[in-house]
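# Structural characterization, general
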Amino acid sequence: MNDGLDIPVLSGVLTAILLVGGSALTLIGSLGLLRLKTFYERVHAPTLGTTLGTACVALASMIYFSTAGGRLILHELLIVVFVTVTTPISLMVLVRAAVFRDRSEAERAVAGAANDDGP
Amino acid sequence: MSTMLAWSVAVAQVLLGLAMACGTFRILRGPRAQDRVLGFDSLYVNAMLLLLVFGVGSGSTLYFEAALMVALLGFVSTIALAKFLLRGEVIE
């Protein structure tokens, strides 16, 4: 960690605040993954990390490398755009799969109960 | 590198490590398969952020490419796992 680059104080403070803030937001989202009760509640929690946490950490990285390199470096925008676009897609597919599994199980339970009541 | 930035990088690494531990707990203890996939999804996002923090800590831009790869492969694998839960096979 001592071989890092030297940067001005103001951008160092900004980078530090954004790094710790983004990581704390991500941790809060993952704690929601731990604490919420049902799957449909839990699926909301980690999106705090994928939107605001990713944006904060990527912004910190952009500020750090831009001031250290002396020119504008916007690589990290790729990650922000990609994660922001793909998270709703993957979670929607996942929730659709969960709804399908829950429904097919409920139907099987109803069918089983009907068979038990029959002659 | 100033000591404040070094400390903030260390704190961010600890926080993201705890977040990854939460995702791992959900993978190991998830009552159903979709909980495990959700834990895996949050685990790879946290790993990607941890790689970005490593990049700031070491001053090397190589970690950025690793983070981009992790984001791409994590999205594809989450889609594949969800598709498997939905249909029973990945490619129909």
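Conventions used here
Residues numbered from 1 in each chain as written. Chains lettered and ligands numbered in written order. Predicted model: local features only at pLDDT ≥ 70, side-chain atom pairs only at ≥ 80, totals over all residues. Helix = DSSP H or I, 4+ residues; strand = E, 2+ residues; numbered from the N terminus. Rg over C-alpha atoms; globule rule 2.2 N^0.38 Å. Buried ≥ 20, exposed ≤ 12 C-beta atoms within 10 Å, placed from the backbone. Contact = placed C-beta atoms within 7 Å. Nonpolar A, V, L, I, M, F, W, Y, C, P; charged D, E, K, R; others polar. Axes fitted to C-alpha atoms, helices over the stretch in contact; angles between N-to-C directions. Parallel < 35°, antiparallel > 145°, perpendicular 65-115°, else oblique. pLDDT = per-residue confidence, 0-100. Core = buried A, V, L, I, M, F, W, Y, C linked by C-beta atoms within 7 Å. Left-handed = near helix turned anticlockwise from the far one by under 90°. Expected span 1.5 Å × (residues − 1). Bend = angle between axes of the 7 residues up to and from the residue.

### Quick word on the overall build of chain B
In terms of helices and strands, chain B carries three helices and zero strands. Going residue by residue from the N terminus, the α and β elements of chain B occur as α-α-α. Over its C-alpha atoms chain B spans a radius of gyration of 16 Å, topping by over 25% the 12 Å that the globule rule assigns to 92 residues. When the backbone C-alpha atoms are referred to their principal axes, chain B occupies close to 55 × 25 × 10 Å. Classification of the 92 residues of chain B by burial places 43% in the buried group.

### Observations concerning the interface of chain A and chain B
Reports often express the size of an interface as the amount of accessible area lost when the parts come together. Of the residues lining the interface, 49 residues belong to chain A; the matching set on chain B comes to 47 residues. Only helix H1 (9-35), helix H2 (39-42), helix H3 (47-69) and helix H4 (76-117) of chain A provide two or more residues apiece to the side of chain A that touches chain B. With 14 residues, H4(A) is the single largest residue contributor to the side of chain A that touches chain B. Classifying every residue of the side of chain A that touches chain B gives 28 nonpolar, 15 polar and six charged.

### Some remarks on the packing of helix H2 (residues 33-58) of chain B against helix H3 (residues 62-87) of chain B
All names here are of chain B. Put simply, H2 and H3 touch, their axes get as near as 8 Å, and they point 175° apart. The angle between the axes of H2 and H3 places the two elements in the roughly antiparallel class. Residue classes in the contact of H2 with H3 are distributed as 19 nonpolar, four polar and one charged.

### Digging into the confidence of the model for chain A
Overall, the predicted model of chain A reaches an average pLDDT of 86, with 92% of residues at or above 70. For chain A, per-element mean pLDDT is lowest for H4(A), which scores 87, and highest for H1(A), which scores 91.

### Focus: the confidence of the model for chain B
In the predicted model, chain B carries a mean pLDDT of 89, and the fraction of residues at 70 or more is 95%. Scored as a whole, the predicted complex attains pTM 0.87, and scored at its interfaces, ipTM 0.87.

### Topic: the nonpolar core
Of all hydrophobic cores here, the largest spans 41 residues; its most connected members are A:Leu19, A:Val57, A:Ala60, B:Leu16, B:Leu49, B:Leu52 and B:Val53. Breaking this core down by element, the ones donating at least two residues are H1, H3 and H4 of chain A together with helix H1 (3-29), H2 and H3 of chain B. Beyond its immediate sequence surroundings of up to four residues, A:Ala60 is in contact with A:Thr15, A:Leu18, A:Leu19, A:Gly22 and B:Val56. The next biggest cluster of nonpolar side chains, apart from the first, holds 10 residues, and it includes A:Ala97, A:Ala98, B:Ala82 and B:Leu85.

### Concerning the environment of B:Ala12
The topology assignment puts B:Ala12 in helix H1. Considered as a pair, B:Ala12 and B:Val53 are 41 residues apart in the sequence and their alpha carbons are 7.3 Å apart. For B:Ala12, the residues in contact, after removing those within four places along its chain, are A:Leu19, A:Val20, A:Ser23 and B:Val53.

### Some thoughts on the packing of H1(B) against H2(B)
All names here are of chain B. Look at H1 against H2: their axes get within 8 Å of each other, and the N-to-C directions meet at 165°. Our classification of the angle between H1 and H2 gives roughly antiparallel. Judged by the twist between their axes, the crossing of H1 over H2 is left-handed. Across the contact of H1 with H2, the residue classes break down as 14 nonpolar, seven polar and three charged.

### Concerning H3(A)
All names here are of chain A. With 23 residues, H3 ought to run about 33 Å at 1.5 Å a step, and its terminal C-alpha atoms sit 32 Å apart, in line with that. Where H3 bends most, the angle comes to about 35°, and this point is Gly 53. Looking one or two residues beyond H3, the residue adopting positive phi is Gly 70, at roughly 80°.

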